[in-house]
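The residues making up each chain are set out below.
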Amino acid sequence: MNPTVVLFASLAVFILINIPISVSLGLSSAITLLYVGMPVTALPSILQATVQKFSLLTIPLFVLAGVIMDKGGISKRLINMANSMIGPIHGGLGYVSVITAMFFAAISGSGTATVAAIGSILIPSMIKQGYDPGYTSALSAISGSLGTVIPPSITFLIYGMITGESISDLFLSGIIPGFVFAACLCVSVFIKARQNGWKSSEPRATLKEFLVTIKDAIWGLMSPVIVLGGIYSGIFTPTEAAAVAVIYSFIVGVFIYKELSFKRLLETLFETGKTTGIILLIIMNAGVFSWLLTQQGIAAQLTEMALSLTTNKYVMLLVINIIFLIAGCLMDNTSAMYILVPIIMPIAQALGINMIHLGTIIVLNLSIGQVTPPVGPNLYVAADIGRVKFENICRKMVPLLVMSLIALFIITYVPWFSLALIK
């Protein structure tokens, strides 16, 4: 039997019997190693080599920075600022949800963290103002997906580690697509708000009140400026930027906003450790799987097969989108990256697809996957906060998914959006 069949068939079986994807990747890799006659004793060294990379230190640091900024009061001040700007207009709180998620995405690098931080404050407020609970929760869930697209993004970091592309360039490539994605979501909010008459009963903020909210939120607004500005100006690397973000967020939370108590700091460290442990476990096992794809020539075989079907770049981009949209429905971002990118990368290179542009397309696909069942982690977080049934939030997600797919189509076939800011 072909090793390709053994690898993918065993993975499918393990997933079907409900073994976690991270463990399934490791088990299927171990079985394939035995099948091809390689010693299983090779596994520990491969696992170690997968995570023994300095660039991986960026992940726990950005996770920690995002959690500290949430616990330290940054998120609620960003919401207050956005609400004073556009809250009273039709659909105002919906726009606030999207815009605040963009700001927080530029701090946390994680979609789920963005949903938890912003949704826990905005979802109850929107429901209280008469917004539909299902749509409100769905909007918060998909707005959180901006945390995957807008830099600094953990998903972009992982793509860069797999492909060897510049992390700074990948971060730059996500900025304009992030705005396009957000704009499409705002179109959906506009339509829904007009249909249902959603408008805040609170009076419009005066200029003085607006300036007060800006002054209160300025320390949070400065974080992405310092972090991303430092990276793009060459002052520090993405890993160093993550460390700077941790120190900055700690100073703001403890000494300026004075909301980060010792107890909250312990909660922050525990949450960061838990999240990082899950990510690194997936990376280790997925790294072995990816190594097998290359070592056994499986990736090359699949490349030849794909190119025999079509050599049209635009058709292949459509196929890549379909593959990653399905993958986003069934597995987490890290697993999807390690399994599929080594296969897709040589196909894209053979057809002349820019690898930075490809990265943006893949990341946007996986960000949409965060709100599609059965996995859809953002859905579960938002449904829990909004206290709505899972099937309700899934129904209300449909118009938002349509707008997201429109954004995906635009970004896929207009590379300028991904490449305009890259030198």
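On a predicted model such as this, the values are computed, not experimentally measured, just so you know. (Residues numbered from 1 in each chain as written. Predicted model: local features only at pLDDT ≥ 70, side-chain atom pairs only at ≥ 80, totals over all residues. Heavy atoms only, no water.)

Chemist: Quick one: what's the story with the overall build of the protein chain, residue by residue and with numbers?
Modeler: Scanning the protein chain from terminus to terminus reveals 22 helices and zero strands. Expected size for 423 residues packed as a compact globule is a radius of gyration near 22 Å; at 22 Å, the protein chain falls within 12% of this value. The principal-axis extents of the C-alpha atoms in the protein chain amount to approximately 70 × 45 × 45 Å. At a minimum sequence separation of 6, the contacts of the protein chain that also span at least 24 residues come to 80%. Of the accessible surface of the protein chain, which amounts to about 17,600 Å², a share of 69% is contributed by carbon and sulfur atoms. When the 21 positive and 15 negative side-chain charges of the protein chain are each reduced to one mean point, those points stand 9 Å apart. (Helix = DSSP H or I, 4+ residues; strand = E, 2+ residues; numbered from the N terminus. Rg over C-alpha atoms; globule rule 2.2 N^0.38 Å. Contact = heavy atoms within 4.5 Å. Areas by Shrake-Rupley, 256 points an atom, 1.4 Å probe, with all protein chains shown as cover. Lys, Arg positive; Asp, Glu negative; His and termini not counted. Charge placed at Lys NZ, Arg CZ, Asp CG, Glu CD.)

Chemist: Kindly report on the packing of helix 10 (residues 154-163) against helix 19 (residues 355-369), identifying the contributing residues and their values.
Modeler: Where helix 10 contacts helix 19, the axes come no closer than 10 Å and their chain directions differ by 135°. Looking at the two axes, helix 10 sits oblique to helix 19. Seen along the crossing, helix 10 lies across helix 19 with a hand that is right-handed. Contact with helix 10, carried on its side by Thr155, Phe156, Tyr159 and Thr163, involves Met355, Leu358, Gly359, Thr360, Ile362, Val363 and Leu366 of helix 19 and no other residues of that element. Broken down by class, the residue content of the contact of helix 10 with helix 19 amounts to seven nonpolar, four polar and no charged. (Axes fitted to C-alpha atoms, helices over the stretch in contact; angles between N-to-C directions. Parallel < 35°, antiparallel > 145°, perpendicular 65-115°, else oblique. Left-handed = near helix turned anticlockwise from the far one by under 90°. Nonpolar A, V, L, I, M, F, W, Y, C, P; charged D, E, K, R; others polar.)

Chemist: Can you explain the environment of lysine 215? Please cite residues and give values.
Modeler: Mapped onto the secondary structure, lysine 215 falls in helix 13 (residues 207-232). Lysine 215 sits in the exposed class, given a relative accessible area of 67%. Linking lysine 215 and methionine 81, residues 134 residues apart in sequence, is a C-alpha distance of 9.0 Å. (Buried < 20%, exposed > 50% of the residue type's maximum accessible area, 1.4 Å probe, protein only.)

Chemist: Explain helix 14 (residues 238-256) residue by residue, including any values.
Modeler: Helix length check: helix 14, at 19 residues, gives a terminal C-alpha distance of 25 Å against a target of 27 Å (1.5 Å per residue), a fit within 8%. Of all the residues in helix 14, the buried ones are Pro238, Thr239, Ala241, Ala242, Ala245, Val246, Tyr248, Ser249, Val252 and Gly253. On its buried face, helix 14 is in contact with helix 4 (58-71), helix 5 (74-86), helix 11 (167-173) and helix 13. Of the residues flanking the end of helix 14, it is lysine 258, one or two places downstream, whose phi is positive at about 55°. (Expected span 1.5 Å × (residues − 1).)

Chemist: Report on the side chain of threonine 213, specifying residues and quantitative values.
Modeler: Within the secondary structure layout, threonine 213 lies in helix 13. When neighbours within four sequence positions are excluded, threonine 213 is seen to be in contact with Asn80, Met81 and Ser84.

Chemist: Tell me about the pattern of salt bridges, and name the residues and values.
Modeler: When the charged atoms of two side chains with opposite charge come close together, those side chains can pair. This structure, assessed with the given rule, holds five salt bridges. One salt bridge connects glutamate 267 with lysine 71, and the closest N-O pair in it is separated by 3.9 Å. Separated by 196 residues along the polypeptide, glutamate 267 in helix 15 (residues 262-295) and lysine 71 in helix 4 bring together distant segments of the chain. Its salt-bridge partner being glutamate 259, residue arginine 77 comes within 3.0 Å of it at the nearest N-O pair. Residue arginine 77 is found in helix 5, and its partner glutamate 259 is found in the loop between helix 14 and helix 15; the two are separated by 182 residues along the sequence. According to the relative accessible area criterion, arginine 77 is buried, its value standing at 11%. Connected via shared salt-bridge partners are Lys71, Glu267 and Glu271. (Salt bridge = Lys/Arg side-chain N within 4 Å of Asp/Glu carboxyl O.)

Chemist: Account for the packing of helix 1 (residues 3-16) against helix 16 (residues 298-309), naming residues and giving values.
Modeler: The angle between the axes and the distance between the axes are what describe a pair of packed helices. It is at 10 Å that the axes of helix 1 and helix 16 come closest, and there the two elements cross at 95°. As the angle between them shows, helix 1 and helix 16 are arranged roughly perpendicular. Here Pro3, Thr4, Leu7 and Phe8 of helix 1 lie close against helix 16, whose contacting residues are Ile298, Gln301 and Leu302. Of the residues in the contact of helix 1 with helix 16, the class split is five nonpolar, two polar and no charged.

Chemist: Give a detailed account of helix 17 (residues 313-330), specifying residues and quantitative values.
Modeler: The end-to-end C-alpha distance of helix 17, which contains 18 residues, comes to 26 Å, matching closely the 26 Å that a straight helix rising 1.5 Å per residue would cover. Buried within helix 17 we find Met316, Leu317, Ile320, Asn321, Phe324, Ala327 and Gly328. The buried side chains of helix 17 occupy one side of the element, clustering within an arc of 145° when seen end-on. If you follow the buried residues of helix 17, they end up packed against helix 16, helix 18 (333-350), helix 19 and helix 21 (390-413). Two or three places before tyrosine 314, at the start of helix 17, stands the capping residue asparagine 312, its side-chain oxygen 2.8 Å from that residue's backbone nitrogen. (Arc of directions from axis to C-beta. Polar contact = N/O pair within 3.5 Å; in protein donor to acceptor, adjacent residues only side chain to side chain.)

Chemist: Give me the packing of aromatic side chains: which residues, what numbers.
Modeler: Tallied over the full model, the rule gives six aromatic pairs. Their ring planes at 50° and their centres at 5.1 Å tell us that phenylalanine 409 and tyrosine 413 sit as a pair that is tilted. One end of the pair, phenylalanine 409, and the other, tyrosine 413, are both in helix 21, four residues apart, so they sit about a helical turn from each other. Seen from their ring centres, tryptophan 416 and phenylalanine 417 are 5.4 Å apart, and the 75° between their planes marks the pair as edge-to-face. A connected cluster of aromatic rings, assembled from ring pairs, spans Tyr314, Phe409 and Tyr413. Residue placement shows arginine 77 over the ring face of tyrosine 257; its charged tip is 3.8 Å from the ring centre. (Phe/Tyr/Trp six-rings, centres within 6.5 Å; stacked < 30°, edge-to-face > 60°. Lys NZ or Arg CZ within 6 Å of the ring centre and 35° of its normal.)

Chemist: Could you give an account of unusual backbone geometry, naming the residues involved and the relevant values?
Modeler: Note the cis peptide between proline 151 and proline 152, where omega equals -5°. Considering the arrangement of structural elements, one finds proline 152 in the loop between helix 9 (146-149) and helix 10. The phi dihedral of asparagine 18 falls on the positive side, at around 70°, and the residue is not glycine. Tracing the chain through its elements places asparagine 18 in the loop between helix 1 and helix 2 (21-35). Here lysine 258, not a glycine, exhibits a phi torsion of approximately 55°, which is positive. Within the secondary structure layout, lysine 258 lies in the loop between helix 14 and helix 15. Under the relative-accessibility criterion, lysine 258 is labelled exposed at 66%.

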